[in-house]
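# Examination of the molecular architecture
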Amino acid sequence: MKRKIINVGIFGATAFLFLAAFSSPMAADDLTDLALVKPGRSRAVTSAHPDPNSNKDRIGIVKPGETVVLADIKGPAVINHIWLTFNEARPNWLEAAGSARPDEIVLRMYWDDGNEPAVESPLGDFFAAGFGLRREIRSVPVQVETGDGYNCYWPMPFHKRGLITVTNESQKNIRSFYYHIDYTEAEKLQEKTAYFCAQYRQEFPEKPGQDYLILDAAGQGHYVGTVISARSRSPFWFGEGDAKFYVDGDAKPTIQGTGTEDYFLMAWGLN
């Protein structure tokens, strides 16, 4: 695949979406290779306190406008799992006025010599929960337990360096940010190993009756899916726009679906 363009028709919807491309999903519950001894060394970068007897295993405060490095890992390596949690947005005993919302915290990831982030998304949307809400998510690559424990199982390989940051774009503090990033050191990566990439975009308001661009990417890789969060006003809704894939310059859709609701594995039947 040299180039892929993906559109979805939107009818009266306000759409916010996040896209992931150029990687292959790995099932979090797939134990088929557990008995195989593989080369590599397990490592982790965490928010643990330097004092092993301390329970202050967190980043205390990330102030408005501040960027914090979560991981700066020397490669070759593959990140296997990311877990994190942080204080909720509503007023509470830690912050009387509440803390930053999940959509006000921006997650960025850089691989090797890249100056631009390969991953750039509001934190909540990266974990499939849109509109700054804390919601329980259950899927193979992403799980959010009780809406508070954010887990990601996308494999993220890199040759030289893996850099992960969070930026507070709120006017409020981020409080009690805990994280655990598990990775495997490797002597080298397999040939044709692809990078994990994800990008967020939104339109408000979008233009009814026109295709909404999800992805325009060049290179070789796998498109692995989209998270879309949308609001629409009656009688309009976003579900009847067909997903259209254009590959390697095709003038007509290489693949055209039957509706946005069908693309997301549901259907709306009328009796």
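Presented here is an overview of the structure given in this document. Just so it is clear, the structure is predicted and the values come from calculations on it, not from any experiment.

Structurally, asparagine 151 is set in strand β11 (residues 149–152). Accessibility expressed as a relative area gives 9% for asparagine 151, which makes it buried. Within the structure, asparagine 151 has its side chain in polar contact with the backbone oxygen of glycine 149 (distance 3.2 Å).

What tends to happen in soluble globular proteins is that the nonpolar side chains get buried as a cluster. Ile79, Phe126, Met156 and Phe177 are the most contacted members of the largest nonpolar core, which totals 39 residues. The dominant element in this core, judged by the number of residues it contributes, is strand β14 (residues 174–185), at five residues. Non-local contacts of methionine 156, meaning those with residues more than four positions away in its chain, are made with Ala77, Val78, Ile79, Ile82, Met109, Trp111, Phe126 and Phe196. By size, the runner-up hydrophobic cluster in this structure holds seven residues, among which are Tyr212, Leu215, Tyr223 and Ala243.

What follows concerns the side chain of serine 47. The topology assignment puts serine 47 in the loop between β3 (41–46) and β4 (59–62). You can call serine 47 buried: its relative accessible area is 9%. Side-chain polar atoms of serine 47 contact the backbone oxygen of aspartate 57, separated by 3.0 Å. When sequence neighbours within four positions are dropped, the list of residues in contact with serine 47 reads Asp57, Arg58, Ile59, Phe177, Tyr178 and Tyr179.

Turning to unusual backbone geometry, a few remarks are in order. Look at the link from glycine 75 to proline 76: it is a cis peptide, with omega at 0 degrees. On the secondary structure map, proline 76 appears in the loop between β5 (67–74) and β6 (77–85). Backbone geometry places serine 176, a non-glycine residue, at a positive phi of 50 degrees. Mapping serine 176 onto the fold places it in strand β14. Residue class for serine 176 comes out buried when judged on its relative accessible area of 13%.

Rules and cut-offs
- Residues numbered from 1 in each chain as written.
- Predicted model: local features only at pLDDT ≥ 70, side-chain atom pairs only at ≥ 80, totals over all residues.
- Heavy atoms only, no water.
- Helix = DSSP H or I, 4+ residues; strand = E, 2+ residues; numbered from the N terminus.
- Buried < 20%, exposed > 50% of the residue type's maximum accessible area, 1.4 Å probe, protein only.
- Polar contact = N/O pair within 3.5 Å; in protein donor to acceptor, adjacent residues only side chain to side chain.
- Core = buried A, V, L, I, M, F, W, Y, C linked by side-chain atoms within 4.5 Å.
- Contact = heavy atoms within 4.5 Å.

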